[in-house]
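Chain by chain, the residues run as shown.
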Amino acid sequence: MKKSVISLLFLLLNVTVKAQTGGGKQIEDAKFQIVKASVEFLASDKVTFKEAKQTQCADCKSYKDLLQFVQKNKITKADELINEWKDAELDGNASNLKKSLTNFKDRIIKKISTGSKSSRKKLVNYNSYESSLDSIIENISISESIEDVPDIVKVQEEPEPVVKPKVTQPEKIMSEKSSESTSFFAFLPDISKDMSYSIILLLLVGILFLLWVLRNKSQTMERNSRALQDQLHRSGSTEWQSKNMSNELKAVQQKLKIAEEEIAILQDNVRAEMERNERLSAVPEVEQPVPQIVTSPSEPSIKYARYADQGDGFSVQELLDEEDSETIFELTFLSPNTAAFKISGNQNAQRYALSNSPYFLGKTSQYDTFPSGNSLINTDIPGELKLQGNKWLIVKPIQISFS
């Protein structure tokens with residue numbers, strides 16, 4: 001009896017393990033077939049995946065083969081879907097197996113053929129694709145996986161060994177049985193042997209269930225950790241791109257500011273040149289030669305001016321008797337109504353003139369090249385002035401050069 005019960009216990013455990021193993025294998029195979037059919041359906045969408053050359057993956061026996069298939073046919077983002085579907089948890093219990101697979105199928109169809117992707121339902125092979133998923137689910141049968149278990153009834157019906165008690169030694173037989181029973185069930189409470197085996201079986205099932213729960217928890221925590229790391233990586237990349245764009249924007253703004261300053265200087269130079277040309281075209285040529293310098297005892301023959309304050313001439317009241325570091329022009333009187341003028345030889349005054357050459361020299365002088373800050377101003381031909389009221393009008397500008 002004892003050996004029969006022990007054999008029954010091991011057979012029950014074998015049935016349970018094989019049923020779970022067979023069911024788990026079948027559900028994983030069915031899940032893979034559903035994922036494979038879905039990837040092949042995506043490959044048939046020529047509008048989205050124009051470079052896909054194959055729509056069937058006959059040699060795909062694993063998820064690794066599927067990943068190589070989508071990479072070869074350039075089915076973008078399909079590798080992410082495969083990894084997501086591969087890690088999906090399904091209920092392997094016989095009572096919930098088909099329901100779990102049906103829910104898995106519905107999630108995939110919703111993922112790839114709803115919303116912005118609803119146009120895929122109009123593909124000619126959509127109905128056959130959906131029918132193939134239903135066929136995969138319908139072909140699942142848990143009972144098939146248990147057929148390999150040996151017949152329990154046959155084990156139970158094996159004849160028990162018959163012990164023929166010897167009448168002459170009853171005390172010895174009782175002693176052997178009692179000793180054997182005590183050594184085998186010494187750790188059990190004083191209950192029936194069948195109940196003991198049931199308790200052991202329940203404990204084993206509980207331990208297996210606890211291990212299964214812990215495994216699922218570990219996988220969930222691992223997925224959450226990967227998702228958090230990906231999010232942190234994307235956040236850091238976005239922050240770096242923002243800083244890089246900000247630095248580039250500052251550099252562009254600095255270059256734009258420099259360009260605006262250069263344009264403003266060029267505009268001043270062009271404006272001064274245009275005004276000088278207009279003034280020269282409006283002033284008639286002086287036909288009389290410049291007379292010799294005539295000095296007058298009543299007033300100095302030479303005076304100085306800081307700039308052409310009248311635009312096209314110098315105010316009489318602004319002329320100075322002595323030069324300083326800002327008197328750019330030197331005026332020499334030739335007669336009461338005529339005078340010649342040139343650039344002062346004072347280097348400080350010349351540096352002052354070059355600090356804003358379009359303003360100080362643009363309307364009074366003619367020159368062929370633009371000066372630099374360290375140039376010296378040479379008067380090649382003095383300019384001519386004519387007295388009109390209280391203003392010495394510029395008749396001819398000075399011709400100058402730089403060295």
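Residues numbered from 1 in each chain as written. Predicted model: local features only at pLDDT ≥ 70, side-chain atom pairs only at ≥ 80, totals over all residues. Heavy atoms only, no water.

## Some thoughts on the packing of aromatic side chains
And step 1. Here the structure, examined in full by the defined rule, presents 13 aromatic pairs.
And step 2. Each ring, one from Phe 314 and one from Phe 341, has its centre 5.7 Å from the other, and the planes form 70 degrees; the classification is edge-to-face. With Phe 314 in strand S2 (residues 313-315) and Phe 341 in strand S4 (residues 338-343), this pair connects stretches of sequence that are 27 residues apart. Like Phe 314, the residue Phe 341 is buried in the burial classification. (Phe/Tyr/Trp six-rings, centres within 6.5 Å; stacked < 30°, edge-to-face > 60°. Helix = DSSP H or I, 4+ residues; strand = E, 2+ residues; numbered from the N terminus. Buried < 20%, exposed > 50% of the residue type's maximum accessible area, 1.4 Å probe, protein only.)

## A closer look at the sheet that holds strand S9 (residues 398-402)
Hydrogen bonds between backbone groups are what pair the strands of a sheet, and the pairing can be parallel or antiparallel.
And step 1. Judged by pairing direction, the sheet is mixed, and its three strands sit side by side in the order S5-S9-S6 without closing on themselves. Strands with a single pairing partner mark the edges of an open sheet, and in this sheet they are strand S5 (365-366) and strand S6 (377-381).
And step 2. Pairing of S5 with S9, which is carried by two bridges, proceeds in the parallel orientation. Opposite Ser 365, over in S9, you have Ile 398 as the bridge partner. (Pairing = 2+ DSSP bridges.)

## Considerations on the packing of helix H2 (residues 63-72) against helix H3 (residues 78-86)
And step 1. In contact at an axis separation of 9 Å, H2 and H3 are set at 165 degrees when each is read in the N-to-C sense. Comparing their axes, H3 and H2 come out roughly antiparallel. With respect to the hand of their crossing, H2 and H3 are arranged in right-handed fashion. Each of Tyr 63, Leu 66, Leu 67 and Val 70 in H2 lies in contact with H3, whose residues at this interface are Ala 78, Asp 79, Ile 82, Asn 83 and Lys 86.
And step 2. Residue classes in the contact of H2 with H3 are distributed as six nonpolar, one polar and two charged. (Axes fitted to C-alpha atoms, helices over the stretch in contact; angles between N-to-C directions. Parallel < 35°, antiparallel > 145°, perpendicular 65-115°, else oblique. Left-handed = near helix turned anticlockwise from the far one by under 90°. Contact = heavy atoms within 4.5 Å. Nonpolar A, V, L, I, M, F, W, Y, C, P; charged D, E, K, R; others polar.)

## A word on the state of the cysteines
And step 1. The final tally for this structure, using the stated rule, is one disulfide.
And step 2. Across the disulfide from Cys 57 sits Cys 60; the S-S distance is 1.4 Å. Handedness here is read from the sign of the S-S torsion; for Cys 57 and Cys 60, about 60 degrees, the answer is right-handed. We note that Cys 57, like Cys 60, is buried. (Disulfide = S-S within 2.5 Å.)

## Some thoughts on a nonpolar patch on the surface
And step 1. A cluster of nonpolar side chains, namely Leu 204, Ile 207, Leu 208, Leu 210, Leu 211 and Leu 214, defines an oily patch on the protein surface of about 570 Å² accessible area.
And step 2. On the secondary structure map, Leu 204 appears in helix H8 (residues 193-282).
And step 3. For Leu 204, a relative accessible area of 36% translates into the label partly exposed. (Patch = residues over 30% accessible without salt bridge, like charges linked within 9 Å, V, L, I, M, F, W, Y side chains within 5 Å. Areas by Shrake-Rupley, 256 points an atom, 1.4 Å probe, with all protein chains shown as cover. Salt bridge = Lys/Arg side-chain N within 4 Å of Asp/Glu carboxyl O.)

## Quick notes on the pattern of salt bridges
And step 1. Enumeration over the complete set of coordinates arrives at 15 salt bridges.
And step 2. A salt bridge links Lys 105 to Asp 106; its shortest N-O distance comes to 3.7 Å.
And step 3. Under the relative-accessibility criterion, Lys 105 is labelled buried at 9%.
And step 4. Judged by relative accessible area, which is 38%, Asp 106 ranks as partly exposed.

## A few points about the pairing of S9
And step 1. Residues Ile 398, Ile 400 and Phe 402 point to one face of S9 and are all buried, whereas Gln 399 and Ser 401, pointing to the other face, are not buried.
And step 2. The pairing of S6 with S9 spans four bridges and is classified as antiparallel. The residue bridging Thr 379 from the neighbouring strand is Ile 400, located in S9.

## Regarding the side chain of Ser 100
And step 1. Along the polypeptide, Ser 100 turns up in helix H4 (residues 97-113).
And step 2. Not counting residues within four places of it along the chain, the set of residues in contact with Ser 100 comprises Leu 90 and Asp 91.

## Remarks on unusual backbone geometry
And step 1. Residues other than glycine seldom take positive phi values, yet Lys 74 does so here, at roughly 55 degrees.
And step 2. Looking at the secondary structure, you find Lys 74 in the loop between H2 and H3.

## Observations concerning the nonpolar core
And step 1. With 37 residues, the main nonpolar core has Val 35, Leu 101 and Tyr 129 as its most contacted residues.
And step 2. Secondary structure elements with two or more residues in this core: helix H1 (2-43), H2, H3, H4 and helix H5 (126-138).
And step 3. No other element matches the ten residues that H1 contributes to this core.
And step 4. Excluding residues that lie within four positions of it along the chain, Leu 101 makes contacts with Ile 27, Ala 30, Lys 31, Ile 34, Leu 90, Ile 137 and Ile 140.
And step 5. Core analysis: the second largest hydrophobic core is formed by 23 residues, Phe 314, Ala 353, Trp 392 and Ile 398 among them. (Core = buried A, V, L, I, M, F, W, Y, C linked by side-chain atoms within 4.5 Å.)

## Focus on the confidence of the model for the protein
And step 1. Predicted confidence across the protein gives a mean pLDDT of 79, with 75% of residues reaching 70 or more.
And step 2. Here residues 15-21 is modelled with pLDDT under 50, and outside its nearest four sequence neighbours on either side it reaches eight contacts, counting other chains as well.
And step 3. Residue range residues 144-158 is modelled with pLDDT below 50. Its contacts to residues more than four positions away, or to other chains, number 17 contacts. (pLDDT = per-residue confidence, 0-100.)

## Focus on the packing of H3 against H4
And step 1. Look at H3 against H4: their axes get within 12 Å of each other, and the N-to-C directions meet at 160 degrees. Considering their axes alone, H3 and H4 lie roughly antiparallel with respect to each other. Crossing hand, H3 versus H4: right-handed. Here H3 contributes Leu 81, Glu 84 and Trp 85 to the contact with H4, which in turn contributes Phe 104, Ile 108, Lys 111 and Ile 112.
And step 2. Of the residues belonging to the contact of H3 with H4, the class tally is five nonpolar, no polar and two charged.

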